[in-house]
Amino acid sequence: MEESDLSLLSRREQFVIEMQVLLRKAGYTRLEFSDFEEYALFERHHAFVSISHMLTFTDSFGRIQTLRPDVTLSVMKQSAFRPENEIRAYYREDVFRYSQETHEYETHEQIGAEHIVKDHSPEDLETALLAQRMLEKLDVPTVLVLSHMGYLLQNEWYRRLPEDEQECLQALISSKNQSGLETLLKRCECPANEQRKLLTVANLSGSIEHVKQAIHEGGFEKEMEEAVGRLSLVAEKLGENKKHRVVVDFSLVNPLHYYNGLVFQGFAEGCGSAVISGGRYDLLARRFMPEHEHCGAIGFALDVGELDTLWK
Amino acid sequence: MLTIALPKGRLGNQVYDILKGAGYGIPAMEDIGRRLILLDEERGLKYLLVKPLDVAVYVEKGAADVGVAGKDVLEEFEPDVFEMLDLGFGKCSMCVAAPEGYKEEGGRKVRVATKFEHIARKYYSRIGRDAEFIHLNGSIELAPVMGLADVIVDIVETGTTLKENHLHVVDRFMDISARVIVNKASYRFHEEAVDTMIGRLKEARSK
């Protein structure tokens, strides 16, 4: 096939090929899956992936199968049995999700990359840079938003909250609903110093320098040391690419217990939603590989369908 | 250019007033007529006039960058948007209301008529009561009167309509007011303009 033959394909198809080439060059090998996965896999890990509204059916052996709403669990399932210590895998799969808005099931084509290491946690930077390189290929202004779940997950007061209150608090943070957050913190009798910290940090958004300054002025350096330290490493390196903006925003939190460190989202001008979502999920990796207590994983998915508006 | 989805109708009039107070008013807002788009070229703003229920859809999908929607709409449709400001007007409550003299029969599902099915489902799930939902698009108060439902879940502002239909509030479980919502992706590309607008609206709200 000549290179010019690619022009016969739609922009979407060309992009998908371009992304796969990029991932292969970065050392990632493709994992392929069927559209179906055992429902039990998702049920066992329901704290990590929402199991509501999954499309299920009983196969000819009486097992409940589902049309996969997420690929990461399947990647982890496969990876746990592989002999290598370090796995860089990518996938190109459809996922099937229920839309609260249309009350219908939608198919999303995703290209994802996962970096799993069995004897230590993989670095944040490699994966974040890979996400940035994928965004660069879009030829429109992009923004990569970084956050760190540590400021919540390592907060003793937050950890003692009942699970439904934790979810409520995360939803208020992720919608930047400051008045709602203030009401909830008061209702849950959050101590005054914790209230001040959560209200300040959850509302922080801007360059890493701006965020560091605000944390310093608020006197939260000690509690935020790990999150800010890790974010600095990534944000400063990604910030060297002046064509694409990098923002730290602590309102970016994941409502499920999936991510435990760096989380990020990529946005492209003209697309109404995030086109890339990802982060570190060491805790999930350790559930799949309990014999590797120091293992870790980080990855992201790009929703190809979200990019259609750019090519219309 | 920043695109702002505004609700038509009664809530819309209050929104135009606060926009004017915040320095975003344009003469065309005084007499909108049947127009659906208003342009403020000087400030680089485009206003879309849409049904209150549709504001959240426009903003979530990115057809508008900013919008003003009632908390009831946000709770019903749970759009993935930033909810950045409570404007403090359009205040009312989401309530369970029942006919005068109504007594709960624990032995069967309670029949609930509502336009806000998702909110009603969440409410009954939270209190652990089995319920059956009847979705209606208006005149909800009629349902218990005609024996279609035991109770209703609906917005109550003054309570006059309830009273006129011999209903009373059993539980007032959600405060509602107008909120400024922002598309999560748009915010990344118009952060300064959005933050300025939110700041000015906050000032106008406290005047």
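About the criteria used
- Within any chain, residue numbers begin from 1 and follow the written order of that chain's sequence.
- Labels are handed out in written order, letters beginning with A for the chains and numbers beginning with 1 for the ligands.
- pLDDT decides what is reported in this predicted model: residues at 70 or higher carry local features, side-chain atom pairs at 80 or more are listed and counted, and totals for whole chains, interfaces and linings draw on all residues regardless.
- Note that the side-chain values use all heavy atoms of the structure and ignore hydrogens as well as water.
- Here a helix means four or more residues in a row that DSSP labels H or I, a strand means two or more in a row labelled E, and each is numbered from the N terminus.
- Three labels apply to residues, based on accessible area from a 1.4 Å probe with only protein chains included: buried if under 20% of the type maximum, exposed if over 50%, partly exposed otherwise in between.
- Two residues qualify as a contact provided that any one of their heavy atoms is within 4.5 Å of a heavy atom in the partner residue.
- Method for areas: the Shrake-Rupley scheme with a 1.4 Å probe, in which residue coverage is limited to the protein chains shown.
- Charged residues are defined here as Lys and Arg on the positive side and Asp and Glu on the negative side; His and the ends of the chain fall outside this count.
- Note that the charge is assigned to NZ on lysines, CZ on arginines, CG on aspartates and CD on glutamates.
- For a helix, the expected span equals 1.5 Å multiplied by the residue count minus one.
- Working definition: rings of Phe, Tyr and Trp (its six-membered ring) pair if their centres are within 6.5 Å, and the pair is stacked with planes under 30 degrees apart, edge-to-face with planes over 60 apart, and tilted otherwise.
- The criterion is that NZ of a Lys, or CZ of an Arg, lies within 6 Å of the ring centre and within 35 degrees of the ring normal, and then a charge sits over that ring.
- The criterion for strand pairing is that DSSP finds at least two bridges linking the strands in question.
- Angular values range over 0 to 180 degrees, each being the angle between N-to-C directions of two axes fitted as lines to C-alpha atoms, with helices fitted over their stretch in contact.
- The quantity reported as buried area is the accessible area (1.4 Å probe) lost by two parts once they are put together, taken as the sum for both.
- Each reported salt bridge corresponds to a side-chain nitrogen of Lys or Arg within 4 Å of a carboxyl oxygen of Asp or Glu.
- Nitrogen and oxygen atoms within 3.5 Å of one another constitute a polar contact, given that in protein one can donate a hydrogen and the other can accept it, and given that sequence-neighbouring residues count only through two side-chain atoms.
- Using protein atoms alone on a 1 Å grid, points that fit a 1.4 Å probe yet trap it form a cavity, whereas open point sets bounded by protein on both sides within 12 Å along at least five of seven lines form a pocket; residues with an atom within 4 Å of a point count as lining.
- Grid points are joined across faces, edges and corners, and a volume is the space filled by probe spheres set on the points.
- Gly counts as polar in this scheme, as do all residues outside two lists: the nonpolar Ala, Val, Leu, Ile, Met, Phe, Trp, Tyr, Cys and Pro, and the charged Asp, Glu, Lys and Arg.
- Orientation labels follow simple angle bins: below 35 degrees gives roughly parallel, above 145 gives roughly antiparallel, 65 to 115 gives roughly perpendicular, and whatever is left gives oblique.
- By convention the crossing between two helices is left-handed if the near helix lies anticlockwise of the far one by an angle smaller than a right angle, and right-handed if it lies clockwise.

Visitor: Tell me what's going on with the overall build of chain B, and back it up with residues and numbers.
Guide: If you tally the helices and strands in chain B, you get eight helices and 11 strands. In terms of its C-alpha atoms, chain B occupies a principal-axis envelope of roughly 60 × 30 × 30 Å. Across the 207 residues in chain B, those meeting the buried criterion constitute 51%. The long-range fraction of contacts in chain B, counting pairs at least 24 apart against all pairs at least 6 apart in sequence, stands at 67%. By element, 48% of the accessible surface of chain B is carried by carbon and sulfur atoms, the whole surface being about 10300 Å². One way to put it: in chain B the 29 positive side-chain charges average out to a point 1 Å from where the 33 negative ones average out.

Visitor: An account of helix 4 (residues 124-136) of chain A is needed here, citing residue identities and associated values.
Guide: Helical geometry: 3.6 residues make up each α-helical turn, so side chains three or four residues apart lie on a common side. Compared with an ideal rise of 1.5 Å per residue, which puts 13 residues at 18 Å, helix 4 of chain A spans 19 Å between its outermost C-alpha atoms and is within 8% of the ideal. Residues of helix 4 of chain A that are buried: D124, T127, A128, L130, A131, Q132, M134 and L135 of chain A.

Visitor: Explain the packing of aromatic side chains to me, and be specific about the residues and the numbers.
Guide: Per the stated rule, a full pass over the model turns up nine aromatic pairs over all chains. Through a chain of ring-to-ring contacts, the aromatic side chains of Y123, Y124, F133 and F173 of chain B assemble into a single cluster. Stacked on the ring of F82 of chain B, the Lys or Arg K176 of chain A has its end atom at 5.2 Å from the ring centre.

Visitor: I'd like a description of the sheet that holds strand 1 (residues 2-7) of chain B, backed by residues and values.
Guide: Residue and element names in this part refer to chain B. An order of 2-3-1-4-11-5 is seen for the six strands of this open sheet, with the pairing classed as mixed. Bordering the open sheet on either side are strand 2 (37-40) and strand 5 (81-86), each of which pairs with just one other strand. Within the sheet, the average angular offset between the axes of one strand and its neighbour, ignoring direction, is 25°. In the sheet, strand 1 pairs with strand 3 (residues 45-50) via six bridges, with the strands oriented parallel. Looking at strand 3, one finds that L6 is bridged to L49. Relative to the sheet, helix 8 (residues 191-206) contacts strand 1, strand 3, strand 4 (66-70), strand 5 and strand 11 (178-183), its axis offset from that of strand 5 by approximately 30°.

Visitor: Please set out the interface of chain B and chain A residue by residue, giving values where relevant.
Guide: At the junction of the two partners, chain B supplies 20 residues and chain A supplies 22 residues. With both sides pooled, the region where chain B packs onto chain A buries about 1600 Å², and carbon together with sulfur makes up 49% of that total. Among the residues chain B hides against chain A, the three largest losses belong to E83, R188 and F189 of chain B. Together they make up 39% of the total. Linking chain B to chain A there are one salt bridge. Linking chain B to chain A there are seven residue pairs in polar contact (both at pLDDT 80 or more).

Visitor: Would you mind going over the sheet that holds strand 4 (residues 64-67) of chain A in detail, with residue names and values included?
Guide: Residues and elements named next belong to chain A. Spatially, three strands are ordered 2-4-3 in an open sheet, and the strand pairing comes out antiparallel. Each edge of the sheet is formed by a strand with only one pairing partner; in this case those strands are strand 2 (36-38) and strand 3 (56-58). Taking each pair of neighbouring strands and ignoring which way they run, the sheet shows an average axis angle of 35°. Relative to strand 4, strand 2 runs antiparallel, the two being bridged by three bridges. Counterpart to F36 in the pairing with strand 4 is L67.

Visitor: Quick one: what's the story with the pairing of strand 9 (residues 151-156) of chain B, residue by residue and with numbers?
Guide: Residue and element names in this part refer to chain B. The buried fraction of strand 9 is high, at five of six residues. Pairing of strand 6 (residues 92-99) with strand 9, which is carried by five bridges, proceeds in the antiparallel orientation. Looking at the pairing, A97 lines up with I152 of strand 9. Both strand 7 (residues 110-114) and strand 9 contribute to a ladder of three bridges, which runs parallel. Its bridge partner lying in strand 9, A113 is registered against I152.

Visitor: Which residues make up the layout of surface pockets, and what values do they have?
Guide: Residues and elements named next belong to chain B. What the second largest pocket holds in volume is close to 730 Å³. In terms of lining residues, the second largest pocket is bounded by 30 residues, among which R10, D72, C92, I155 and E157 are the most central. Only helix 1 (10-21), helix 3 (71-77), strand 9 and helix 6 (160-164) provide two or more residues apiece to the lining of the second largest pocket. Grouping the amino acids of the lining of the second largest pocket by side-chain chemistry returns 12 nonpolar, 10 polar and eight charged.

Visitor: Could you give an account of the environment of S277 of chain A, with specific residues and numbers?
Guide: Residue and element names in this part refer to chain A. Looking at the secondary structure, you find S277 in strand 11 (residues 276-280). C-alpha separation for the pair S277 and Q265, spaced 12 residues apart in sequence, amounts to 4.5 Å. Sequence-distant contacts of S277, defined by excluding residues within four places in its chain, comprise F264, Q265, F300 and A301.

Visitor: Explain the packing of helix 8 (residues 178-187) of chain A against helix 9 (residues 192-202) of chain A to me, using residue names and the numbers behind them.
Guide: Residues and elements named next belong to chain A. Closest axis-to-axis distance for the helix 8/helix 9 pair is 11 Å, and the angle between their directions is 160°. As far as their axial angle goes, helix 9 and helix 8 are roughly antiparallel. Crossing handedness for the pair helix 8 and helix 9: right-handed. In this structure, helix 8 contributes Q178, L181, E182, L185 and K186 to the contact, and helix 9 contributes Q195, L198, L199 and A202. Looking at the contact of helix 8 with helix 9 residue by residue, the class counts come to five nonpolar, two polar and two charged.

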